[in-house]
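Coordinates in review
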Amino acid sequence: QVQLVESGGGLVQPGGSLRLSCAASGSIFSNYNMGWFRQAPGHQRELVARITSSGSTNYADSVKGRFTISRDNAKNTVYLQMNSLKPEDTAVYYCAAATITLYSDSYYDTDQRYDYWGQGTQVTVSS
């Protein structure tokens, strides 16, 4: 069993920054592919960013150049640095882990590939 706990959400003005953290426990974190997803009211859950066990990253077009995903295996933690935030970034952000990592990197660009999910953290971008 894998447990994921997100933190770092909150209220920020447009153009501001937040750093989300996801702490994992229960197994060998370094072997997992990790993703950040978000869901806004009236919208489906969508990929924000993901990072594989080997460090390969991918981002949604809407956040490229503004968000950065990273991981610290020694701390069993994955991060999402969010800069230049826009009102349309407002959503609940979820951390997810995929424990089966033998497929190609692009396989992990959809939420269907992830086995474990955190409870979510609210990000609100408003003036």
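Just so it is clear, the model here is predicted, and its values are computed rather than measured. Residue positions are given per chain, counted from 1 along the sequence in the order it is written. For a predicted model such as this one, the threshold for reporting local features is a pLDDT of at least 70, and the threshold for listing and counting side-chain atom pairs is 80 or more; totals across whole chains, interfaces and linings nevertheless cover every residue. Excluding hydrogens and water, the side-chain values take into account all heavy atoms of the structure.

What follows deals with the overall build of the protein. The numbering of helices and of strands both runs from the N terminus, where a helix is a DSSP run of H or I of at least 4 residues and a strand a run of E of at least 2. A count of helices and strands for the protein gives zero helices and 11 strands. Start at the N end of the protein and walk to the C end: the helices and strands fall as β-β-β-β-β-β-β-β-β-β-β. Atoms counted for the radius of gyration: C-alpha only. Globule rule: 2.2 Å times residue count to the power 0.38. For the protein, whose C-alpha radius of gyration is 14 Å, the value lies close to the compact-globule estimate of 14 Å for 127 residues. For the protein, the spread of C-alpha atoms along the principal axes amounts to about 40 × 25 × 25 Å. We call a residue buried when its accessible area falls under 20% of the maximum for its residue type, exposed when it is over 50%, and partly exposed in between, using a 1.4 Å probe and counting protein chains only. Expressed as a percentage of its 127 residues, the buried residues of the protein come to 41%. Only heavy atoms enter the contact rule, under which two residues are in contact if any of them lie within 4.5 Å. Taking all contacts inside the protein whose residues are at least 6 apart in sequence as the whole, residues at least 24 apart take part in 59%. Using a 1.4 Å probe, accessible areas were evaluated by the Shrake-Rupley method; residue-level cover was limited to the displayed protein chains. For the protein, the exposed surface amounts to about 6300 Å²; the carbon and sulfur share of it is 44%. Between the mean site of the 10 positive side-chain charges and the mean site of the 10 negative ones, the protein shows a separation of 4 Å. Charge counting follows a simple rule: Lys and Arg are positive, Asp and Glu are negative, and His as well as the terminal groups are ignored. In plain terms, the charge of a residue is placed at NZ if it is Lys, CZ if Arg, CG if Asp and CD if Glu.

Let's shift gears to the environment of Ser25. You can see Ser25 is positioned in strand β3 (residues 18-25). Judged by relative accessible area, Ser25 falls into the partly exposed class, the value being 34%. Separated by 15 residues in the primary sequence, Ser25 and Ala40 have C-alpha atoms spaced 27 Å apart. Setting aside chain neighbours within four positions, we find Ser25 in contact with Gln1, Val2 and Gln3.

Between Lys or Arg on one side and Asp or Glu on the other, a salt bridge is scored when a side-chain nitrogen of the former is within 4 Å of a carboxyl oxygen of the latter. Using the criterion set out here, one finds six salt bridges in the structure. Note that Asp109 and Arg50 form a salt bridge whose closest N and O atoms lie 2.8 Å from each other. Here Asp109, found in the loop between β9 (91-98) and β10 (116-117), pairs with Arg50, found in strand β5 (residues 46-51); they are 59 residues apart in sequence, far enough to count as distant. Residue classification places Arg50 among the buried residues on the basis of a relative accessible area of 3%.

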